Amino acid sequence: MSPSTLSAGGQSYEIFRLEDAERLPYTLRILLENALRHGEEEDAEALRRWQPAAAPSDEISFRPARVLLQDFTGVPAVVDLAGMRNAMADLGGDPSRINPQLPAELVIDHSVQVDDAELEFERNRERYAFLRWGQTAFDNFKVVPPNTGIVHQVNLEFLARVIEARDGQAFPDTLVGTDSHTTMINGLGVLGWGVGGIEAEAAMLGEAVSMLIPEVVGFKLTGSMREGATATDLVLTVTQLLRAAGVVGKFVEYFGHGLVGLPLADRATIGNMSPEYGATCGFFPVDDETLKYLRLTGRDEKQLALVEAYCKENALWHDPDHAPEYSQVVELDLTSVEPSLAGPRRPQDRVPLRDAKRLFLDSLETFGGDYGNEHDEAVSESFPASDPPSTIEPGHGELVHGVQVAVGAVALAPRAASTTVELEGEEFERPSTSSRPVLTSTSTSSASRRSATGARHASGTRAPSRERSLRRSSKATSSCAQCFPATGTSRRASIRR
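Numbering of residues begins from 1 in every chain and follows the order in which that chain's sequence is written. With pLDDT at 70 or above as the cut-off, local features in this predicted model cover only qualifying residues; side-chain atom pairs require 80 or more to be listed or tallied, and sums for whole chains, interfaces and linings still use all residues. Hydrogens and water are ignored here; the side-chain numbers use all heavy atoms of the structure.

### A word on the overall build of the chain
Point 1. Think of it this way: any DSSP run of H or I at least four residues long counts as a helix, any run of E at least two long counts as a strand, and we number them from the N terminus. Helices and strands together make up the secondary structure of the chain, namely 17 helices and 22 strands.
Point 2. Any residue under 20% of the maximum accessible area for its type is buried, any over 50% is exposed, and the rest in between are partly exposed; the area is computed with a 1.4 Å probe on protein chains only. Per-residue burial over the chain gives 44% buried out of 497 residues.
Point 3. We call two residues contacting when some pair of their heavy atoms lies within 4.5 Å. The contacts of the chain with a sequence gap of at least 6 include a subset with a gap of at least 24, amounting to 69%.

Right, here's the structure in full:
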């Protein structure tokens, strides 16, 4: 397919028009343009004949416009490039020919600790010096210094182009990143997702990303957010719905009249949660809200003109009145979103704030488990947890000397609380007058020696007499006085209570 010309912002660009692609989801239109621009006719044909109900079977090559790195995974990639330059020099070639083939941008944020910027440079001096060298030595490689922001924030506010202009061509900004939450950029209308360091390095060197044409789940938004509901409430609701729908390995694409007026910060938050609901990406097509955000973050007016002109000309501008074909459609009325709570590890277990008290009290009955005896249930209701009821010991087992003993890797061994001195491999013990059960481990050989007394009690064998223990304790005291005189310490002993 031959390119055509687009004029925007007083300049002309070569573009590849998407003809008869309105039925395709916006994400697949971007992949189609990518295939056309790189001359992949078979891939383009496979994308044109995509069927929403069909299982993924057609493999295509995707060539992102750029690569986004954070410092933990980016530093090894730069080290590999430096090693390749050394190898080129050893072979008598020109080391300067070794460069990333795509623009690669590294944001230093993962190694940053929240204290003082000067300390950061002291801690990471060698790493930062190496990255500084890489920025000056390699073409197509830029480094965003520390104390600037997290990688996704920098990408959203500064690095993203939405529409890229390069070598006289204009095309959609796409990327792969070495962080699972690279999908935050989907909120700005930029298609991208997280990959491993090896895949990112291959993309830097010009290798295409091989992938199956995915299923695309449409998420239809209607209405508008009511007062009191936040982006967190919205994203927890969306995550719960998509986890229930099952979107692992699929593209998710948001559309509908609910997008009108939905702030870009809310969109970016939803896109950022793509790994939590399992999708490869969570994409929002370009619209007026996108331009508003680009202007807010200081993008050039020529860039804004290019974004608007290209997307409207090439079927990438969101039309709320036209719904593409999707493999599945999930709907949400934004007016139904309410203040919610959810734990960080299981965001899909959303609890409406209005029900939080009732659900919490209901959960207190068993803390999610059936205890099987009154004592364990009483323990679960006690506060603090370190002060359980003292009627009987928790757990199941046999009564030994009037105490219930648990059977298992960790046993409750009733014995007198004692002070034990270990000296040159031999233990000496002096029991106290009080008696209470002591937890002793019986699962390892090293633990068996320490719990010998308790094990004899639990098995019903006779414990050492009080007189014998006192004699051994006396010997230990005498030995310790010789080993640890007041003037210094000549040997080491361990004392347990």
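### Things to note about the sheet that holds strand 14 (residues 281-283)
Point 1. A pair of strands counts as paired when DSSP detects no fewer than two bridges linking them. Strand order across the open sheet formed by four strands is 14-13-12-15, with parallel pairing between neighbours. Since the sheet does not close on itself, it has two edges, and those belong to strand 14 and strand 15 (328-333), each with one partner. Between one strand axis and the next, the sheet turns by 20° as a mean value, whatever way the strands run.
Point 2. Pairing of strand 12 (residues 216-222) with strand 13 (residues 251-255) involves five bridges; the strand directions are parallel. Lines are fitted to the C-alpha atoms to define the axes, a helix being fitted only along its stretch in contact, and any angle between axes, read from their N-to-C directions, falls within 0 to 180 degrees.

### Considering the pattern of salt bridges
Point 1. A pairing counts as a salt bridge when a side-chain nitrogen of Lys or Arg comes within 4 Å of a carboxyl oxygen of Asp or Glu. By the definition in use, this model includes 20 salt bridges.
Point 2. Ionic pairing is found between Asp 173 and Arg 66, a salt bridge with its closest N-O pair at 2.9 Å. Of this pair, Asp 173 sits in the loop between strand 8 (169-172) and strand 9 (174-177) while Arg 66 sits in strand 4 (residues 66-70), and the two are 107 residues apart along the sequence.
Point 3. For the salt bridge of Arg 161 with Glu 164, the shortest nitrogen-to-oxygen distance reads 3.3 Å.
Point 4. Residue Arg 161 is classed as buried on the basis of its relative accessible area of 18%.
Point 5. Exposure remark for Glu 164: the relative accessible area of 7% places this residue in the buried category.
Point 6. Where salt bridges share partners, they join Arg 66, Glu 105, Arg 161, Glu 164, Arg 166 and Asp 173 into one cluster.

### Brief notes about helix 12 (residues 301-313)
Point 1. Helix span, expected: 1.5 Å multiplied by one less than the number of residues in the helix. Compared with the 18 Å implied by 1.5 Å per residue over 13 residues, the 18 Å span of helix 12 between its first and last C-alpha is a close match.
Point 2. Close packing links the buried residues of helix 12 with strand 1 (4-8), strand 2 (11-15), helix 1 (26-37), strand 7 (163-166), strand 8 and helix 11 (288-296).
Point 3. The term polar contact refers here to a pair of N or O atoms within 3.5 Å; inside protein, the definition further demands a hydrogen-donor-capable atom paired with an acceptor-capable atom, and it admits residues adjacent in sequence only when both atoms are side-chain atoms. Looking at where helix 12 begins, the residue whose side-chain oxygen comes 2.8 Å from the main-chain nitrogen of Lys 302 is Asp 300.
Point 4. Among the residues trailing helix 12, Ala 315 stands out with phi positive, at a value near 60°.

### Description of helix 6 (residues 151-159)
Point 1. Looking only at helix 6, the buried set comprises Val 151, His 152, Val 154, Asn 155, Leu 156 and Leu 159.
Point 2. Against the buried residues of helix 6 lie strand 4, strand 5 (104-107), strand 6 (141-144), strand 9, helix 9 (264-272) and helix 11.

### Let's talk about the packing of aromatic side chains
Point 1. Ring geometry is summarised as follows: Phe, Tyr and Trp rings, the Trp one being its six-membered ring, pair when their centres sit within 6.5 Å, and such pairs are stacked at plane angles under 30 degrees, edge-to-face over 60 and tilted between the two. The full count for this structure, using the stated rule, is seven aromatic pairs.
Point 2. Judged by centre distance (5.8 Å) and plane angle (25°), the ring pair of Phe 130 and Trp 133 falls under stacked. Linking Phe 130 with Trp 133, this pair stays in helix 5 (residues 125-137), spanning three residues, or about one helical turn.
Point 3. The class of Phe 130 is partly exposed, set by a relative accessible area of 23%.

### Overview of the sheet that holds strand 9
Two pairing modes exist for strands in a sheet, parallel and antiparallel, and in both the strands are linked by backbone hydrogen bonds.
Point 1. Read across the sheet, five strands follow the order 6-5-4-9-10 without closing on themselves; strand pairing throughout is parallel. At either end of the open sheet lies a strand with only one pairing partner, and these are strand 6 and strand 10 (191-194). The mean inter-strand angle of the sheet, taken between neighbouring strand axes irrespective of direction, is 20°.
Point 2. Here strand 9 pairs with strand 10 via four bridges, running parallel. Counterpart to Leu 175 in the pairing with strand 10 is Gly 192.
Point 3. Sitting on the sheet, helix 3 (residues 71-90) touches strand 4, strand 5 and strand 6, and the angle it makes with strand 4 is about 115°.

### Here's the deal with the confidence of the model for the chain
Point 1. Values of pLDDT, which run from 0 to 100, indicate the predictor's confidence residue by residue. Here the chain shows a mean pLDDT of 81. Residues at 70 or above account for 73%.
Point 2. Confidence drops under pLDDT 50 across residues 433-497; counting only partners more than four residues distant or on other chains, this segment forms 85 contacts.

### What about the environment of Thr 280?
Point 1. Tracing the chain through its elements places Thr 280 in the loop between helix 10 (274-277) and strand 14.
Point 2. Looking at Thr 280, the relative accessible area reads 24%, which means it is partly exposed.
Point 3. Not counting the four nearest positions on each side in its chain, Thr 280 is found in contact with Thr 183, Trp 193, Gly 249, Lys 250 and Phe 251.

### Thoughts on the side chain of Glu 253
Point 1. With respect to the helices and strands, Glu 253 occurs in strand 13.
Point 2. Of the side chains with opposite charge, Arg 29 lies nearest to the buried Glu 253, which makes no salt bridge, at 6.4 Å.
Point 3. Looking at Glu 253, its side chain comes within polar contact range of the main-chain nitrogen of Thr 27, at 2.8 Å.
Point 4. In this view, Glu 253 contacts Pro 25, Tyr 26, Thr 27, Val 216, Val 217, Gly 218, Phe 219, Phe 283, Pro 324 and Tyr 326; residues no more than four positions away in its chain are not counted. In this charge count, Lys and Arg are treated as positive and Asp and Glu as negative; neither His nor the chain ends contribute.

### So, the environment of Leu 68
Point 1. By the secondary structure assignment, Leu 68 is in strand 4.
Point 2. Between the C-alpha atoms of Leu 68 and Val 151, which are 83 residues apart in sequence, the distance is 8.5 Å.
Point 3. Among all residues touching Leu 68, those that are not within four sequence positions of it are Glu 105, Val 107, Val 151, Asn 155, Leu 159, Leu 175, Val 176, Gly 177 and Thr 178.

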